[in-house]
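Structural overview
So the chains spell out like this:
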Amino acid sequence: MRIVDIKEKAVSIKSTISNAYIDFSKMNVSVVAVVTDVVRDGKPVIGYGFNSNGRYAPSGMLHDRFIPRLRDAKPAELLNDAGTNFDPHRIWDVLMKGEKPGGHGERSVAVGTLDMAIWDAVAKIEEKPLYQLLADWYGNGTPDEQVFVYAAGGYYQPGKGLQELQDEMRNYLDMGYSVVKMKIGGSSLDEDLRRIEAVLKVVPDGGSLAVDANGRFDLPTAIDYAKKLEPYNLFWYEEAGDPLDYQLQNELANYYKNPMATGENLFSMQDARNLIRYGGMRSDRDYLQFDCALSYGLVEYMRILDMLKEYSWSPRRCIPHGGHQMSLNIAAGLGLGGNESYPGVFEPFGGFADNIPIEHGYVKLPDIPGVGFEAKADLIELMRTVAK
Ligand SMILES: O=C([O-])CC(=O)C(=O)O
Ligand SMILES: [Mg+2]
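Every chain's residues receive numbers from 1 upward, in the order its sequence appears when written. Throughout, the order in which chains and ligands are written sets their labels, letters from A for the former and numbers from 1 for the latter. Selection of residues for local features in this predicted model requires a pLDDT of at least 70, selection of side-chain atom pairs for listing and counting requires 80 or more, and totals for whole chains, interfaces and linings are taken over all residues. Think of the side-chain values as coming from all heavy atoms in the structure, minus any hydrogens and water.

Looking at an unreviewed UniProt entry, one finds the chain named Mandelate racemase/muconate lactonizing enzyme family protein and attributed to Aquibacillus salsiterrae.

In structure tokens:
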């Protein structure tokens, strides 16, 4: 059993949307295809992965370091003891050979992309959906039947006024979502409050709306927003300040009693642990958004879950960033609290299986081997062009 080819291609997901920090006019993602010599259903098993969104395609690192390490490894270094499947944990060690600790930069994105493809292949070789495999290997064998998902959007966009913002949010509710998310911090506090109040007119209540500042605020601004936001009793107040400013997050908790969320830009167990140690996050109400695709993959994400357990955090407090099917599988298989979804943006990478509707804010997963990419027609069509 061996890997016979590894392909990578950068694919554009550019659009006219902006959050408080960046626009997406040049955004792209890496898609990888890991081709194996294992045959299932008469065809070679191919594992696919992509790097979520928000970080650019790590093509250079993949081609210079990580793909060659995988290619040059002896087949036995990549397999489980019995030689019956690839071992994602051993593959992780091969990928990280020669990498010093700390300063996680964006190599974590390159590793996370390959890790996704490896897990997809491993589950396909086992002929199981990944969520079932995770529940079998690491849980009690019974995955969650459905996963809470919320619709992330509400971006700033040229020509988009309050009416268009309301229409967008109404559309998400019509699709079956119960919680929607919008951007803040890209305009003045007064303007953002007008935007929030416009959305509150079309959603059932504050608990149906989350806001995301994308790390834009300094402490005084984060507190000004907190004071205005608190009476709305929102679903959460996300990434108020710089992701690495644990003290800011900690101070903010003194001014905001409702749920906060952060973590999408922390890319390692060690960074996540610093948030838990020093960030003032409250395990009874706050949410953690670490995204495995950006942060060394599921192998590292399991280290994060182990760390959380040590600090008495439930995995149910985790609702990962990224809106991808990989985290959806982890959520169902390892019992997370939910997953992000981008029904309208980052196509064809946003959204889940075709033909599985969102109902009352929950989605079910397709019963096919692997991550489930084959159940999303536009995505798998693109992925297959990378494998060729
Ligand atoms: O705008 C982005 O980069 C995406 C983001 O923060 C989110 O989905 O929470
Ligand atoms: Mg965010």
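**Some thoughts on the domain arrangement of the chain**
For the record, the criterion: Domain borders in the structure are assigned automatically or taken from a domain database. Contacts are assigned to residue pairs with any non-hydrogen atoms lying within 4.5 Å of each other. Two parts placed together each lose some accessible area under a 1.4 Å probe, and adding up what both lose gives the buried area. A carboxyl oxygen of Asp or Glu within 4 Å of a side-chain nitrogen of Lys or Arg is what we treat as a salt bridge.
The domain boundaries assigned to the chain delineate domain 1 (3–127) and domain 2 (137–377). Just the C-alpha atoms count here: the centres of domain 1 and domain 2 sit 24 Å apart. With 38 residues of domain 1 in contact, the opposing surface of domain 2 contributes 45 residues. Summing both partners gives a buried area of about 3,500 Å² for domain 1 against domain 2, and 68% of it is carried by carbon and sulfur. Put simply, domain 1 and domain 2 have one salt bridge between them.

**Things to note about the nonpolar core**
Test applied: Only buried residues count toward a nonpolar core, which is a set of Ala, Val, Leu, Ile, Met, Phe, Trp, Tyr and Cys residues joined through side-chain atoms within 4.5 Å. Each residue's exposure class comes from its accessible area (1.4 Å probe, protein chains only) as a fraction of the maximum for that residue type: buried when under 20%, exposed when over 50%, partly exposed otherwise. The way it works is that DSSP assigns letters per residue, a run of H or I at least four long becomes a helix, a run of E at least two long becomes a strand, and they are numbered from the N terminus.
Leu 114, Ile 184, Leu 229 and Tyr 237 are the most contacted members of the largest nonpolar core, which has 136 residues in total. For this core, the element with the highest residue contribution is helix α3 (residues 107–126), accounting for eleven residues. The residue makeup of this core includes at least three contributed by each of domain 1 (3–127) and domain 2 (137–377). Setting aside anything within four residues of it in sequence, one finds Leu 229 in contact with Ile 184, Ile 196, Val 211, Leu 234, Tyr 237 and Tyr 256.

**Considering the packing of helix α2 (residues 88–95) against α3**
Put simply, the rule is: Here an angle of 0 to 180 degrees is reported between the N-to-C directions of two axes, which are lines fitted to C-alpha atoms, with helices fitted over the stretch in contact. Geometric relationships in this document are graded by angle, where less than 35 degrees denotes roughly parallel, more than 145 denotes roughly antiparallel, 65 to 115 denotes roughly perpendicular, and other angles denote oblique. Each crossing gets its hand from how the near helix is turned against the far one by less than a right angle, where anticlockwise is left-handed and clockwise is right-handed. Three classes are used, and their members are as follows: Ala, Val, Leu, Ile, Met, Phe, Trp, Tyr, Cys and Pro are nonpolar, Asp, Glu, Lys and Arg are charged, and the others, Gly among them, are polar.
Packing of α2 against α3 leaves a shortest axis separation of 10 Å and a crossing angle of 150 degrees. Between α2 and α3, the angle falls in the class roughly antiparallel. You can see that α2 and α3 cross each other, and the crossing is right-handed. Here Pro 88, His 89, Ile 91, Trp 92 and Leu 95 of α2 lie close against α3, whose contacting residues are Val 111, Leu 114, Ile 118, Trp 119 and Val 122. Across the contact of α2 with α3, the residue classes tally to nine nonpolar, one polar and no charged.

**Considerations on the UniProt feature "site: Increases basicity of active site His" (unreviewed entry) in the chain**
Here is the rule: UniProt positions are given in the numbering used here, feature names are shortened, and annotations may be inferred rather than shown by experiment.
As annotated by UniProt and renumbered to match this structure, "site: Increases basicity of active site His" (unreviewed entry) occupies Asp 291. For Asp 291, the position within the fold is in the loop between β9 (287–288) and α10 (297–310). Discounting residues that sit within four places of it in the chain, Asp 291 has contacts with Ser 52, His 321, Gly 322, His 324 and Ser 327.

**Considerations on the environment of Ile 91**
As for its position among the elements, Ile 91 is in helix α2. Between the alpha carbons of Ile 91 and Glu 77 there is a distance of 7.5 Å; along the sequence they are 14 residues apart. Ignoring anything within four residues of it in the chain, the contact list for Ile 91 reads Leu 70, Leu 78, Phe 86 and Ile 118.

**What to know about the site of ligand 1**
Worth spelling out the cut-off: For this description, a residue counts as near a given molecule or strand if any of its non-hydrogen atoms is within 4 Å of it. Polar contacts here mean pairs of N or O atoms no more than 3.5 Å apart (in protein, one a potential hydrogen donor and the other a potential acceptor; neighbouring residues in sequence count only if both atoms are side-chain atoms). Accessibility throughout is a Shrake-Rupley quantity obtained with a 1.4 Å probe, and a residue counts as covered only by protein chains that appear here.
Residues in contact with ligand 1, as listed here, are Asn 19, Phe 24, Tyr 155, Lys 181, Lys 183, Asp 212, Asn 214, Glu 238, Glu 264, His 321, Glu 340 and Tyr 342. A distance of 2.9 Å separates an oxygen atom of ligand 1 from a polar side-chain atom of Glu 238. Between ligand 1 and Tyr 342, the relevant distance is 2.6 Å, taken from an oxygen atom to a side-chain nitrogen or oxygen of the residue. Relative to its unbound accessible surface of 270 Å², ligand 1 loses 97% to contact with the protein. Within the shell around ligand 1, the residues separate by chemical class into three nonpolar, three polar and six charged.

**Considerations on the environment of Glu 381**
If you trace the backbone, Glu 381 turns up in helix α12 (residues 377–387). The exposure class of Glu 381 is exposed, given its relative accessible area of 57%. Distance in space between the C-alpha atoms of Glu 381 and Pro 259 is 39 Å, their sequence separation being 122 residues.

**Some remarks on the coordination of the magnesium ion (ligand 2)**
What counts here: Sodium, potassium and calcium take a 3.2 Å donor cutoff, other metals 2.8 Å, and in both cases only N, O and S atoms count; water is not among them, so sites may look incomplete.
Around the magnesium ion (ligand 2), the protein contributes the donor atoms Asp 212 (OD), Glu 238 (OE) and Glu 264 (OE), at 1.9 to 2.2 Å from the metal centre. Here the donor residues for the magnesium ion (ligand 2) map to a single chain with the spacing D-x25-E-x25-E. Taken together, the residues span a long stretch of sequence, with Asp 212 in strand β6 (residues 209–212) and Glu 238 in strand β7 (residues 236–238) at a distance of 26 residues. Summarising the burial analysis for this pair, Asp 212 and Glu 238 share the class buried.

**Considering the UniProt feature "binding site: Mg(2+)" (unreviewed entry) in the chain**
UniProt tags Asp 212, Glu 238 and Glu 264 as "binding site: Mg(2+)" (unreviewed entry). On the basis of their most widely separated C-alpha atoms, the annotated residues across 53 residues gather in one place, lying no more than 11.2 Å apart. A relative accessible area of 0% places Glu 238 in the buried class. Those residues in contact with Glu 238 that sit more than four places away from it in its chain are Tyr 150, Lys 181, Val 211, Asp 212, Ala 213, Asn 214, Ala 261, Glu 264 and Gln 289. Its place among the elements puts Glu 264 in the loop between β8 (260–262) and α9 (269–278). Accessibility expressed as a relative area gives 7% for Glu 264, which makes it buried. When sequence neighbours within four positions are dropped, the list of residues in contact with Glu 264 reads Asp 212, Asn 214, Glu 238, Glu 239, Gln 289, Phe 290, Leu 294 and His 321.

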